[in-house]
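A closer look at the structure
The residues making up each chain are set out below.
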Amino acid sequence: MMKASALLLLLPRCFALDNGLALTPPMGFNSYMTGSGLSGAAGLGSIASFLVSSGLRESGYVYVNTDEGWESSNRDADGRLQWDAGKYPSGLPNFTATLRGMGLKYGIYGASSGVTCGTNPGQLYHEDVDARTYVAWGVEFLKSDNCASYALDPSVRFGAMRDALNRTGARVLLSIEPFSIAPDAEQSTKLANMWRTGTDIAGNWGAVLDRADVADKWAPLAGPTRGWNDPDMINVQSPDAADGALTLAE
């Protein structure tokens, strides 16, 4: 493990995500907190149809993103990630092509850790093969979580994924979750197009006010050509009753 860590530290770095994306804040849908039913082609396909029919696509809501649950629990014999065939029966590349035909973009979930938060294969030490795999599948947004391997500096872990995406030459928006407790350019603008500014949000007014306060502190880091603060999703009503729900007025 020490040898692998040293090799990761020595990877060439360009100290920026060179993709020209997210000149305005990216908008769309993410399946987190919706249950596993929306992490596959059927559920996400229904979301895609709604974005088009409702007019939200024309307002800029173009990303249709799966969170955890899209993947197989094992890599293939060549070390590549695999999609869950039950959730993408026609293949994930076919689904991303369908979204592109609708004027939408597919986003995927991974983790810059040894494992994801659901203990599926993580990207750590597989950054180049995973970046090439995502691009081959037609992925245009990567949410890279922070789930384990905490002994290794997150700037190093996320930087390795950033550099791997740069090396593909493709344009993949990178969203990261470093969970830095204070505004920190080393864990935001130098690494990604957008970055989380806190842990998972809940569906209650107190959580919304907390995120507004935190976002105010991070505001100076955000902007076109730099990237965006991510206070987490608008969670109107959480499936978890303990989290409550927002009232219409809220």
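Located above this text is the structure these notes cover.
Here is a short report on the structure shown in this document.

Scoring rules and cut-offs
Residues numbered from 1 in each chain as written. Predicted model: local features only at pLDDT ≥ 70, side-chain atom pairs only at ≥ 80, totals over all residues. Heavy atoms only, no water. 1 Å grid on protein atoms, 1.4 Å probe; cavity = no way out; pocket = protein on both sides within 12 Å on 5 of 7 lines; lining within 4 Å. Points joined across faces, edges and corners; volume = space filled by probe spheres on them. Helix = DSSP H or I, 4+ residues; strand = E, 2+ residues; numbered from the N terminus. Nonpolar A, V, L, I, M, F, W, Y, C, P; charged D, E, K, R; others polar. Phe/Tyr/Trp six-rings, centres within 6.5 Å; stacked < 30°, edge-to-face > 60°. Buried < 20%, exposed > 50% of the residue type's maximum accessible area, 1.4 Å probe, protein only. Lys NZ or Arg CZ within 6 Å of the ring centre and 35° of its normal. Disulfide = S-S within 2.5 Å. Axes fitted to C-alpha atoms, helices over the stretch in contact; angles between N-to-C directions. Parallel < 35°, antiparallel > 145°, perpendicular 65-115°, else oblique. Left-handed = near helix turned anticlockwise from the far one by under 90°. Contact = heavy atoms within 4.5 Å. Core = buried A, V, L, I, M, F, W, Y, C linked by side-chain atoms within 4.5 Å. Pairing = 2+ DSSP bridges. Right-handed = clockwise from strand over helix to strand, strands pointing away. Polar contact = N/O pair within 3.5 Å; in protein donor to acceptor, adjacent residues only side chain to side chain.

1. Some words on the layout of surface pockets
Approximately 1,100 Å³ is the volume found for the largest pocket. Forming the boundary of the largest pocket are 40 residues, of which Gly28, Asn30, Asp232, Met233 and Ile234 lie nearest the centre. Taken together, the elements giving at least two residues each to the lining of the largest pocket come down to β1 (27-30), α2 (41-53), β2 (61-65), β4 (141-145), β6 (194-196), α6 (205-218) and β7 (228-230). Taken together, the residues of the lining of the largest pocket sort by class into 26 nonpolar, eight polar and six charged.

2. Some words on the packing of aromatic side chains
Taken as a whole and assessed by the stated rule, the structure comprises six aromatic pairs. Consider the rings of Tyr88 and Tyr106, whose centres lie 6.3 Å apart with planes at 90 degrees: the pair is edge-to-face. Placement of Tyr88 in the loop between β2 and α3 (92-101) and of Tyr106 in strand β3 (residues 105-111) is noted, with a sequence separation of 18 residues between them. For Tyr88, a relative accessible area of 1% puts it in the buried group. Put simply, the rings of Trp70, Trp83 and Trp137 pair up and form one aromatic cluster. Positioned over the ring face of Tyr32 is Lys143, at 5.2 Å from the centre of the ring.

3. Describing the state of the cysteines
All told, the structure shown has one disulfide when counted by the stated rule. Between Cys117 and Cys147 runs a disulfide, and the two sulfur atoms are separated by 2.1 Å. Across the disulfide from Cys117 to Cys147, rotation about the S-S bond amounts to roughly -95 degrees, and the bridge is consequently left-handed. You can see Cys117 sitting in the loop between β3 and α4 (127-137) and its partner Cys147 sitting in the loop between β4 and α5 (154-168), a full 30 residues away along the chain.

4. Re the packing of α4 against α5
Between α4 and α5, the least distance of the axes is 8 Å, while the angle of their chain directions is 50 degrees. Considered as vectors, α4 and α5 are oriented oblique to each other. For α4 against α5, the interelement crossing comes out right-handed. Residue-level contacts link Glu127, Asp128, Ala131, Arg132, Tyr134 and Val135 of α4 to Arg157, Ala160, Met161, Ala164, Leu165, Arg167 and Thr168 of α5. Here the contact of α4 with α5 is built from residues that sort into seven nonpolar, one polar and five charged.

5. Regarding the nonpolar core
Membership of the largest hydrophobic core comes to 48 residues, with the highest contact counts inside it found for Trp70, Tyr88, Tyr106, Ile108, Tyr134, Trp137 and Leu142. If one sorts the elements of this core by residue count, α2 sits on top with five residues. Ignoring anything within four residues of it in the chain, the contact list for Tyr134 reads Leu81, Ile108, Tyr109, Gly110, Gln123, Val139, Leu142 and Met161.

6. Some details on the environment of Trp137
Of note, Trp137 is situated in helix α4. Among residues more than four places away in sequence, those in contact with Trp137 are Trp70, Leu81, Gln82, Trp83, Leu92, Pro93, Thr96 and Ile108.

7. Digging into the pairing of β4
Here is the key point about a regular strand: its side chains alternate between the two faces of the sheet. Of all five residues making up β4, five are buried, and the element is well covered by its neighbours. Burial of the side chains of β4 extends over both faces: Phe141, Lys143 and Asp145 are buried on one face and Leu142 and Ser144 on the other. As judged from the five bridges shared by β3 and β4, these two strands associate in the parallel manner. For Gly110, the partnering residue across the bridge sits in β4 and is Ser144. Crossover handedness for the path β3 to α4 to β4: right-handed.

8. Re the sheet that holds β1
Strand order in the open sheet formed by seven strands is β1-β2-β3-β4-β5-β6-β7, and the pairing between neighbours is parallel. Because the sheet does not close on itself, it has two edges, and the strands there are β1 and β7. On average, adjacent strands in this sheet sit at an angle of 25 degrees to one another, irrespective of strand direction. As paired strands, β1 and β2 are joined by four bridges and run parallel to one another. Paired with Met27 across the two strands is Tyr61, which belongs to β2. Contacts between α2 and the sheet are confined to β1, β2 and β3, with β2 contributing the most and set at about 175 degrees to the helix. Of the strands in this sheet, β2 and β3 touch α3, which is tilted by about 135 degrees from β3.

9. Topic: the environment of Asp230
Within the element layout of this structure, Asp230 appears in strand β7. Look at Asp230 and you get buried, because its relative accessible area is 13%. Leave out the neighbours within four places in its chain, and Asp230 touches Ser175, Met194, Trp195, Arg196 and Thr197. For Asp230, the side chain forms a polar contact with the main-chain nitrogen of Asp232, separated by 2.9 Å.

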